[in-house]
Amino acid sequence: MENFKPYAKFATNAIHAGQDPEKWKSNAVVPPISLASTFKQEAPGVHAGFEYGRSGNPTRHCLEECIASLENGKYCCVFASGLGATMTVTHLLKNGDHIVSVNDVYGGTNRYFQKVAVNNGITVSFADASASPANVEKCIKPNTKMVWVETPTNPTLMMVDIKAVSEIVKKFPGILLVVDNTFQTPYFQRPLDLGADIVLHSLSKYMNGHSDVIMGATITTNKELSEKLTFYQNAVGAVPSPFDCYLVNRGLKTLHLRMKEHMVNGLAVAHYLEKNPRVEKVLHPGLKSHPQYELGQRQCRGFSGMIAFYIKGGLEEAKTFLSALKVIMIYHDY
């Protein structure tokens, strides 16, 4: 905490990137919600940048510009959910291709890989990348085309060395490195700066921050990749509504403030739980007891409010604890 140094101009970009009033004839300082499903053309194929709501939308475009800026990327596509983004990224592959994924991956991603992607002829291997990046290389095959990383992982909050994995991936031309940055957000971690080809988000969580939107995003600095993702965004059609884009765009304006408070509160709770005799183990990358604490200090500017801990006892003790919570609600989110 005492050495916390946020990325330069993060708050300024969150407030201003993609929000230029000159985009609108009204010079509105807040991007309007453009609900139109289609747009007038001056002649067949001659339009003002937008032709059909699935292909592009002014409100959505503002949000994509802002998110790209926050991740220090150049191009962003937003989708109707985080899994919509995952599905679209996986469409970059073809029958016979292979993915190497971290073993402690978000359950929805795991389900998609093992129950859906396999039906399209895509195979998946799971590597314990948090134990050692070398485990990723051990799983790479001649037909491997993508490496999928989450860090911290969901739900055990293990860290993966993005730069080390990137250096491994770069030894095998043609393999893409995708990093899910949902837990950290670009306020604390920027995977593109560490060698990732694509960053993926569930915007439903910290980025939007108000539990009232389901949305996902991909960000890249690679123009060719961006063109492919934009094509699939339109062709597959998993696009968000303009109103949801407006809500996330508004939520981003307070991201820097919210994440700082999440970090302070998360660490306070983690330290408290570590001292509690009814707790067996606490997992938080900001704790010195975390097995990859040093990696977290090198790779991240801070940490979110996510905590994992083991309560002493078994299932009944865990149920008793959860049922006794007064402020923290029990609900399905991550």
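Residues numbered from 1 in each chain as written. Predicted model: local features only at pLDDT ≥ 70, side-chain atom pairs only at ≥ 80, totals over all residues. Heavy atoms only, no water.

S.K.: What is the right way to look at the overall build of the protein chain in this model?
M.R.: Of regular secondary structure, the protein chain possesses twelve helices and nine strands. The C-alpha atoms of the protein chain give a radius of gyration of 21 Å, which matches the 20 Å a tight globule of 334 residues would have. Seen through its principal axes, the protein chain has C-alpha atoms that stretch 70 × 45 × 40 Å. Buried residues in the protein chain amount to 48% of all 334 residues. Of the contacts formed within the protein chain by residues at least 6 apart in sequence, a portion of 71% connects residues at least 24 apart. (Helix = DSSP H or I, 4+ residues; strand = E, 2+ residues; numbered from the N terminus. Rg over C-alpha atoms; globule rule 2.2 N^0.38 Å. Buried < 20%, exposed > 50% of the residue type's maximum accessible area, 1.4 Å probe, protein only. Contact = heavy atoms within 4.5 Å.)

S.K.: Looking at this structure, how should I read the packing of helix α2 (residues 58–70) against helix α9 (residues 242–251)?
M.R.: Two quantities define a packed helix pair, namely the angle between the axes and the distance from one axis to the other. The interhelical angle for the contact between α2 and α9, taken along N-to-C directions, is 35°, at an axis separation of 8 Å. Viewed along their axes, α2 and α9 form a crossing whose handedness is left-handed. Facing α2, whose interface residues are T59, R60, L63 and C66, α9 presents P242, C245, Y246, V248 and N249. Counted by class, the contact of α2 with α9 contains six nonpolar, two polar and one charged residues. (Axes fitted to C-alpha atoms, helices over the stretch in contact; angles between N-to-C directions. Left-handed = near helix turned anticlockwise from the far one by under 90°. Nonpolar A, V, L, I, M, F, W, Y, C, P; charged D, E, K, R; others polar.)

S.K.: Mind showing me how you'd approach the packing of helix α3 (residues 82–90) against helix α4 (residues 107–116) here?
M.R.: Their axes nearest at 10 Å, the elements α3 and α4 cross at an angle of 35°. Judged by the twist between their axes, the crossing of α3 over α4 is right-handed. Contact residues: α3 offers L83, T86, M87 and T90, while α4 offers G108, T109, R111, Y112 and F113. For the contact of α3 with α4, a count of residues per class yields four nonpolar, four polar and one charged.

S.K.: Would you mind going over the pattern of salt bridges with me for this structure?
M.R.: Between side chains of opposite charge, a pair can form as their charged atoms come close. Going through the model one piece at a time under the given rule, you end up with six salt bridges. In this structure, R60 engages E64 in a salt bridge whose closest nitrogen and oxygen atoms are separated by 3.9 Å. Placement of both R60 and E64 in helix α2 is noted, with a separation of four residues, approximately one turn of the helix. The pair R60 / E64 is uniform in exposure class, with both members buried. (Salt bridge = Lys/Arg side-chain N within 4 Å of Asp/Glu carboxyl O.)

S.K.: Please clarify how the sheet that holds strand β1 (residues 75–79) should be interpreted in this entry.
M.R.: Where strands meet in a sheet, backbone hydrogen bonds hold them as pairs that are either parallel or antiparallel. Reading across the sheet, the seven strands line up as β1-β7-β6-β5-β4-β2-β3 and stay open at both edges, with mixed pairing between neighbours. Each edge of the open sheet carries a strand with a single partner, namely β1 and β3 (123–127). In this sheet, adjacent strand axes meet at a mean angle of 20° when their direction is disregarded. The sheet contact formed by strand β4 (residues 144–150) and strand β5 (residues 176–180) spans five bridges and is parallel. Within β5, the position partnered with E150 by the bridge is D180. Along the sheet, α3 contacts β1, β2 (98–102), β4, β5, β6 (198–202) and β7 (216–220); its crossing angle with β6, the most-contacted strand, is approximately 155°. (Pairing = 2+ DSSP bridges.)

S.K.: What am I meant to see in a nonpolar patch on the surface here?
M.R.: Nonpolar side chains collect at one region of the surface, where I33, L35 and F243 lie side by side and expose about 290 Å² of accessible area between them. Looking at where L35 falls in the secondary structure, it is placed in the loop between α1 (10–16) and α2. (Patch = residues over 30% accessible without salt bridge, like charges linked within 9 Å, V, L, I, M, F, W, Y side chains within 5 Å. Areas by Shrake-Rupley, 256 points an atom, 1.4 Å probe, with all protein chains shown as cover.)

S.K.: Explain the packing of aromatic side chains here, please?
M.R.: One pair of aromatic rings is described through two measures. These are the centre distance and the angle between the planes. Taken as a whole and judged by the stated rule, the model has eight aromatic pairs. Between the aromatic rings of F113 and W148, the centroid separation amounts to 5.3 Å while the plane-to-plane angle is 90°, which identifies the pairing as edge-to-face. In this pair, F113 is assigned in helix α4 and W148 in strand β4, connecting sequence segments 35 residues apart. W148 carries the same exposure label as F113, and that label is buried. One cation-aromatic arrangement involves R190 over Y7; the distance from NZ or CZ to the ring centre is 4.2 Å. (Phe/Tyr/Trp six-rings, centres within 6.5 Å; stacked < 30°, edge-to-face > 60°. Lys NZ or Arg CZ within 6 Å of the ring centre and 35° of its normal.)

S.K.: Looking at this structure, how should I read the nonpolar core?
M.R.: Grouped burial of nonpolar side chains is what soluble globular proteins tend to show. Residues V89, M146, V147, W148, V149, V165 and L177 are the most contacted members of the largest nonpolar core, which totals 37 residues. Contacts of M146, omitting those with residues within four sequence positions, involve V89, L93, H98, I99, V100, I175, L176 and V178. Core analysis: the second largest hydrophobic core is formed by 34 residues, M207, V248, L252 and A308 among them. (Core = buried A, V, L, I, M, F, W, Y, C linked by side-chain atoms within 4.5 Å.)

S.K.: Looking at this model, I keep getting lost on the layout of surface pockets. Mind explaining?
M.R.: Gaps left between atoms show up when a probe the size of a water molecule is rolled over them. Estimates place the volume of the largest pocket at around 1,700 Å³. Along its surface, the largest pocket is lined by 39 residues, and G305, M306, I307, I328 and M329 are the ones closest to its centre. When residues of the lining of the largest pocket are traced back to their parent elements, those giving at least two are α10 (255–275), β9 (308–311) and α12 (315–323). With eight residues, the single largest contributor to the lining of the largest pocket is α10. (1 Å grid on protein atoms, 1.4 Å probe; cavity = no way out; pocket = protein on both sides within 12 Å on 5 of 7 lines; lining within 4 Å. Points joined across faces, edges and corners; volume = space filled by probe spheres on them.)

S.K.: So what exactly am I meant to see when it comes to empty space enclosed by the protein here?
M.R.: Under the counting rule described, the total for this entry stands at one cavity of 30 Å³ or more. Estimated volume of the largest cavity: approximately 40 Å³. P152, L157, F183, Q184, H284, P285, F303, S304 and M306 are the residues that line the largest cavity. Among the residues making up the lining of the largest cavity, the classes are represented as six nonpolar, three polar and no charged.

Function-wise, these values are silent; they only describe arrangement.
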